[in-house]
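One-letter residues, chain by chain:
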Amino acid sequence: TPIADPYRLELRHKKLPLPTNKGVTLLPAKCMEEECELHMCNSVGQSVKSTSFRAPAGWGMMSLRTDERHYQFCLQSETIAANDVLGANCQVMTLRARLVV
């Protein structure tokens, strides 16, 4: 992530942090229908900037603008084969930083 200390990114749903472990965040089952929020948080976990989004079916883009910088991210979605996850229907969403010049 291009976010420098003391800031970090956090995903929330209905203003509550989503469960995260080792850089993997579990999104709500209805993330394509209900909005989630991408927050830039300070060292004590307070949100200093945020943007809302719905998970895209394939690809999407979002941005966060601070006084210092303009951050752009792309959100990519791909389906996982059901036989890889015990028959469940799952998708992987990847949040990537985009270079803005």
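In this report, the structure presented in the accompanying data block is examined. (Residues numbered from 1 in each chain as written. Predicted model: local features only at pLDDT ≥ 70, side-chain atom pairs only at ≥ 80, totals over all residues. Heavy atoms only, no water.)

## Notes on the overall build of the chain
Short version of the rule: A helix here means a DSSP run of H or I that spans at least four residues, while a strand means a run of E at least two residues long, and both kinds are numbered starting from the N terminus. Throughout, a residue-residue contact means that at least one pair of heavy atoms, one from each residue, lies within 4.5 Å. Reported accessibility uses the Shrake-Rupley method at a 1.4 Å probe radius. Residues are deemed covered only where the shown protein chains occlude them. Neither His nor the chain ends contribute to the count of charged residues, in which Lys and Arg are positive and Asp and Glu negative. For charged residues, the charge sits on one atom: NZ in Lys, CZ in Arg, CG in Asp, CD in Glu.
Counting secondary structure elements, the chain contains 0 helices and 9 strands. Along the chain, helices (α) and strands (β) appear in the sequence β-β-β-β-β-β-β-β-β when read from the amino end. With the principal axes as the frame, the chain shows a C-alpha extent of 45 × 30 × 25 Å. For the chain, contacts bridging at least 24 residues in sequence account for 38% of all contacts bridging at least 6. Per element, the accessible surface of the chain, about 7,100 Å² overall, is 51% carbon and sulfur. Across the chain, the 12 positively charged side chains and the 10 negatively charged ones have centroids separated by 2 Å.

## Regarding the sheet that holds strand 2 (residues 16-17)
Within a beta sheet, neighbouring strands are joined by backbone hydrogen bonds and run either parallel or antiparallel to one another. This is how the line gets drawn: At least two DSSP bridges between two strands are required for those strands to pair.
One open sheet holds the 4 strands; their spatial order is 2-1-5-6, and the pairing between them is antiparallel. A strand with exactly one partner marks an edge of an open sheet, and here the two such strands are strand 2 and strand 6 (47-53). Across 6 bridges, the pairing between strand 5 (residues 36-41) and strand 6 is antiparallel. Looking at the pairing, methionine 40 lines up with lysine 49 of strand 6.

## Some details on the nonpolar core
To keep things clear, this is the line we draw: We call a set of buried Ala, Val, Leu, Ile, Met, Phe, Trp, Tyr and Cys residues a nonpolar core when their side-chain atoms join them within 4.5 Å. The buried label applies to any residue whose accessible area, calculated with a 1.4 Å probe on protein chains only, is under 20% of its type's maximum; exposed applies above 50%, and partly exposed to all values in between.
In this structure, Leu38, Phe53, Met62, Leu64, Tyr71 and Phe73 are the most contacted members of the largest nonpolar core, which totals 13 residues. The residues touching leucine 38, leaving out its near neighbours within four places in the chain, are Leu9, Glu10, Leu11, Lys49, Ser50, Thr51, Phe53, Met62, Leu64, Phe73 and Leu95.

## Observations regarding the environment of arginine 54
We count it as follows: In protein, a polar contact means a hydrogen-donor-capable atom and an acceptor-capable atom, both N or O and within 3.5 Å, with residues adjacent in sequence counting only if both atoms are side-chain atoms; elsewhere, any N or O pair within 3.5 Å suffices.
For arginine 54, the position within the fold is in the loop between strand 6 and strand 7 (59-65). In sequence terms arginine 54 and cysteine 31 are 23 residues apart; their C-alpha atoms lie 6.1 Å from each other. Residues in contact with arginine 54, not counting those within four places in the same chain, are Cys31, Met32, Glu33, Glu34 and Glu35. Looking at arginine 54, its side chain comes within polar contact range of the main-chain oxygen of glutamate 33, at 3.2 Å.

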